[in-house]
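# Observations on the model geometry
Spelled out, the chains give:
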Amino acid sequence: VASSNPATGLFTTFTFTMRTVTRVKDQGSIRIISPRSDYYFGPRLPSAVAEVDLRSPLPPKAGESPTRLPAGTLVPCTVMPPPNLDCTSVLEFDPCIEKEIALAYQAQHPNVPKQDISATEALCVALTSRCEQGLFNEMFECTSTVGTAAGIGEVERGTEIELILAPNVQIKERALFEILVTGYNTRTKPLRLVDAENVQYWHFMTRQADSAKTILDEQSRVVGFALLGVVYVELISPAVPTVSTADNAVQVQIRLETEVQPPAALRLEYPIAFSKEAALEGSAISTGETFPRKTVIRHNENIIEIETQDEPLVRNTLLELTVILTNPSISPSPEENIWRFTTIQLDTTVGSQNQDCNYDVPGFRIFGSFRAPGPKVEPGIVSPAVKNIIGVWFVLESGDLPRTATTSSFMRIYMPPGYTPEPDCGGSDFSLQYTARADIGTEFLFPTTNTYNGLPLGTYCETRVEDGEHFVELTIDGLLEYGFNYAFMFAIRNAELDPLPEENYFLFETRVNDVILHLARQVPSFELEVLRTAVVTPQDTTSQQGVGSTSEYHPIRFDLQSDKYIDGGSQIKITAPQGFLFTCRQKRSYIFEPTDGPDVRKPGSTLVCDEFNVADPTAASTCPNQLPITCQEMLGQQNVILLQIDGGQPLQPNTDFAILLMVMNPEFTPQPNSWRFDVLGPLGQHVDVRDHVQGFDITGTVDTILIADFAYRGQKNRLTVVFLPATIMNQADEGNELVLEAPAEEMYVFPQNCTGFSLDYSSSRFREEQEASFRHYVFPPPGTECLGFDNNTVVIRFPAGAGLLRSNYSLMVDVINPTLPTNSSAASWMFQTRVRNSEIFKIVDANRSVEGFTLSELENNQMEGEEGSASSLGLAAAAVLVWCCVSS
């Protein structure tokens, strides 16, 4: 057994060499048991330190051994052949044996008809070819079983590896056989190579393919290799991580596990690609203060030896040195970009001896660059969550991107978070050239003073995802020369939301045989834009099955504004939450001119005009200019409607416009409760979009009767509101409120001190039932507040932990009637129950069409005689209404 990196706990390639005595036939196996349970065979394990970042010049620290897998874990492993293997001297194949037997038989019996052995011969040739190519994974199935550490009174069981021969594959008898398997050394360094308990012996055996796995050959006392201490590499940092750079000062920091007494030496071997053309003197290498003061330094090609005669190389101390290297035109491949460290005890009685080592240290990486100010990415559309054809412009600065018979050249463009490439880079939208495209609303966005080259013919684009990163990979079928302007196009899907500013970048890289050549980490992306204004204002929020709803369909006003030019023939697609039903009946749309009144222009305001005011078709028209549109209901998508702007009526940027559509509400508040608006150009391309526009709550209908006690202009008037909620107000909700709102144009005023306020059950019978059911029950609950604002609104707010059951209630409160003549009988009052606190605002039930009352002029001789009479009439009417509502 040998190890390519024989330090304790480190990743290595094990070489197992054996000579069989007995032939091992197909499906037979080789079993190798290691001395310790923390040996490991298989691929690399996750490291406790940072993983290799291929885009960073700095490699991770090296020397720590990762945590092993749990005992008994089965790990698939890879079998590799040794260099220059003569495969047929070790392995033999059943079809080849059968072919030789058949040929021998035919030679001995020439008169017997020849057997057709072409299929057998073909299989023999195929197996032999795979073997000679070193495809040992097709010759063996490799599995490792993690060992078990010794517990109290238990014997440690070493990790084992089993190699099962594939069908038709045999190992010859007396064959000198060698295989390579990757893994990790044990983390325990024995005092001697073979200690008293024999725990450092390896155990080899070959077995038959029978159910008992009968042992053919066995050797249970195989001496392993000598384990060394570890050279811990803390840092390998280049001063200049760019390609084709001379005199690059590389700082190296290491720690030793074993102190090496003088005479001692540190040997460092770095990748040959970084070496100078000729041997260097010691002046090209400098050591830090913790190194021995008197050293002899030799630097030949890519090997450095630092020898000390008088002082030791101390352990657990940071040793630092700097070496001047020359950067090549591209980083070495990961397999070649390995540094090797060894400490050596010189001139011992048995000769020089290695003490610590680390032959698996990743080296630093170097990168080329793109010429400033690029690369550049320009979008065709900046709306969120839509297809976007982007233009890409770049100029290589640090050398060409080659394409030869022995190299594969790629360009990768990584997306900012949330963005994804379209499948096949957009298919027909992917173009090797960059051109302005009217169908996506783009003009030529890059400087027109440049001459732009397309990507080489034959270049193709693939969409890929690795480690959660979305990117496109372009396989470049030709040479990309440095200093040339290249531009092309492909399609992506924009993110729904802007990434964080520190993450909103594209990343560009070119690769040659999977080694990064050119790198641009932070290529500025673009900010997403949405419709500047998208407001949804319903006339009626009650459920379609709510009693008292004004009609099955009701108007909703949509106020929109885009900062884009919207061409004639464009479409506006409105997607409501599930459950809403659109109709094209009575649709209206308007453009607001600067001369339009402020109330008319304000989103959600009422337009008093014959086209808009469904309730009063005889009202005088004060509407703004109409925007000609056609309307299309979507079959099978009743919550989606498509509006097309007249071809002769384009909208300039920042034009305010409103659309009125008739909509049927759902029965309940939908979830999710958001609307979406898409503005599409005449050819179907996105122009602007707005998603996640907050919808409104679907409310129940609160039956409400409003009674005026003193309906005279300019007088204080005690109102009685008798109401029956459709929905309970949950006492667990904080901020339960009742709201009474007079028509805004009528100038009613509720005093701030809320005079005349009272709230009670309309039925004494219900009060008695509640008091019988709940001891110490008080209604209204203590802490109930009446809040006037010296305007047309009054709010009754319940304390925390209080709500309303579904019952008849009577609310009394004073209002100051308007002085000027009004149209009170035609104007509707509004009454609602709601929840309002710092975190939520939710309408529970509402009635927006509570019938008002008519005000009269008060004569002087009526001041004393009729006030009491009016009060009596009001109370009598209230009593009748209470009886009515309770009875229902």
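Conventions and cut-offs
Residues numbered from 1 in each chain as written. Predicted model: local features only at pLDDT ≥ 70, side-chain atom pairs only at ≥ 80, totals over all residues. Heavy atoms only, no water. Salt bridge = Lys/Arg side-chain N within 4 Å of Asp/Glu carboxyl O. Helix = DSSP H or I, 4+ residues; strand = E, 2+ residues; numbered from the N terminus. Core = buried A, V, L, I, M, F, W, Y, C linked by side-chain atoms within 4.5 Å. Buried < 20%, exposed > 50% of the residue type's maximum accessible area, 1.4 Å probe, protein only. Contact = heavy atoms within 4.5 Å. Disulfide = S-S within 2.5 Å. Expected span 1.5 Å × (residues − 1). Pairing = 2+ DSSP bridges. Axes fitted to C-alpha atoms, helices over the stretch in contact; angles between N-to-C directions. Parallel < 35°, antiparallel > 145°, perpendicular 65-115°, else oblique. Left-handed = near helix turned anticlockwise from the far one by under 90°. Nonpolar A, V, L, I, M, F, W, Y, C, P; charged D, E, K, R; others polar. Arc of directions from axis to C-beta. Phe/Tyr/Trp six-rings, centres within 6.5 Å; stacked < 30°, edge-to-face > 60°. Lys NZ or Arg CZ within 6 Å of the ring centre and 35° of its normal.

## A look at the pattern of salt bridges
Under the counting rule described, the total for this entry stands at 40 salt bridges. Here R23 makes a salt bridge to E92, at a shortest N to O gap of 2.8 Å. With a gap of 69 residues between them, R23 in the loop between strand 2 (11–19) and strand 3 (29–33) and E92 in strand 7 (residues 91–93) connect regions that are remote in the sequence. Among the charged side chains, a salt-bridge network with shared partners connects E529, R532, D563, K564 and D688.

## Overview of the nonpolar core
In terms of nonpolar packing, the biggest core is built from 64 residues, with W339, F394, I413, F488, F490 and F506 touching the most fellow members. Here I413 is in contact with V392, H470, F471, V472, F488, F490, F506, L507 and F508, once residues within four sequence places are set aside. Counting 37 residues, the second-largest nonpolar core is a separate cluster that includes C77, C131, I171 and V222.

## Structural notes on the state of the cysteines
What the rule picks out here adds up to six disulfides. Across the disulfide from C77 sits C142; the S-S distance is 1.8 Å. Measuring the twist about the S-S bond at about -95°, one finds the C77-C142 disulfide to be left-handed. Of this pair, C77 sits in the loop between strand 5 (74–76) and strand 6 (79–80) while C142 sits in strand 8 (residues 140–145), placing them 65 residues apart in sequence. Two residues, C425 and C461, share a disulfide whose sulfurs are 1.9 Å apart. On the sign convention where negative means left-handed, the S-S torsion of about -75° between C425 and C461 marks this disulfide as left-handed. Here C461 lies in strand 27 (residues 460–466) and C425 lies in the loop between strand 26 (420–421) and strand 27, a separation of 36 residues in the sequence. In this structure C425 comes out as buried when scored by relative accessible area, which is 0%. The exposure class of C461 is buried, given its relative accessible area of 10%.

## Thoughts on helix 1 (residues 94–108)
Over its 15 residues, helix 1 runs 21 Å from end to end, which matches the ideal 21 Å to within 8%, given 1.5 Å per residue. Among the residues of helix 1, those classed as buried are D94, P95, C96, K99, A102 and Q106.

## Some details on the sheet that holds strand 23 (residues 376–378)
Across a sheet, paired strands are connected by hydrogen bonds in the backbone, their directions being either parallel or antiparallel. Strand order in the open sheet made by the four strands is 23-24-29-26, with antiparallel pairing throughout. In the strand order of this sheet, the two ends are held by strand 23 and strand 26, each with one partner. One ladder, built from eight bridges, connects strand 24 (residues 387–394) with strand 29 (residues 486–493); its direction is antiparallel. Counterpart to V392 in the pairing with strand 29 is F488.

## A look at the packing of helix 1 against helix 2 (residues 118–132)
Two elements in contact, helix 1 and helix 2, have axes whose closest approach is 8 Å; the angle formed by their N-to-C orientations is 135°. Classified by the interaxial angle, the pair formed by helix 1 and helix 2 is oblique. Relative to helix 2, the crossing made by helix 1 is left-handed. Facing P95, C96, E98 and K99 of helix 1, the residues of helix 2 in contact are T120, E121, L123, C124, L127 and T128. Classifying every residue of the contact of helix 1 with helix 2 by side-chain character gives five nonpolar, two polar and three charged.

## Remarks on helix 2
The terminal C-alpha atoms of helix 2, which comprises 15 residues, lie 21 Å apart, in line with the 21 Å expected from a rise of 1.5 Å per residue. Listing the buried residues of helix 2 in full gives C124, L127, T128 and C131. All buried residues of helix 2 lie within an arc of 100° about the axis, which places them on one face of the element. In helix 2, the exposed positions angled more than 90 degrees off the buried face are occupied by A119 and V125. Check the buried side of helix 2 and you find it contacts strand 7 and helix 1. Within two residues after helix 2, G134 carries a phi angle of roughly 80°, on the positive side.

## Remarks on the packing of aromatic side chains
For the coordinates displayed, the defined rule picks out 44 aromatic pairs. Judged by centre distance (6.2 Å) and plane angle (40°), the ring pair of F446 and Y452 falls under tilted. What makes Y452 buried here is its relative accessible area of 17%. A connected cluster of aromatic rings, assembled from ring pairs, spans F14, F16, Y39, F41, W202, F204 and F225. In this arrangement the basic side chain of R44 is found over the ring face of F11, its NZ or CZ atom lying 3.9 Å from the centre. Across from the ring centre of Y553, 5.0 Å away, lies the NZ or CZ of R585, which sits over that ring.

## Remarks on the sheet that holds strand 8
With antiparallel pairing, the six strands of this open sheet are ordered in space as 5-8-9-3-12-13. Edge strands, defined here as strands with exactly one partner in the open sheet, are strand 5 and strand 13 (215–223). The average undirected angle you get between the axes of adjacent strands in this sheet is 15°. For strand 3 and strand 12 (residues 201–207), the ladder comprises five bridges, and the chain directions are antiparallel. Bridge pairing in strand 12 places R31 opposite M205.

It is worth stressing that arrangement in space is one thing and function is another; only the former is reported here.
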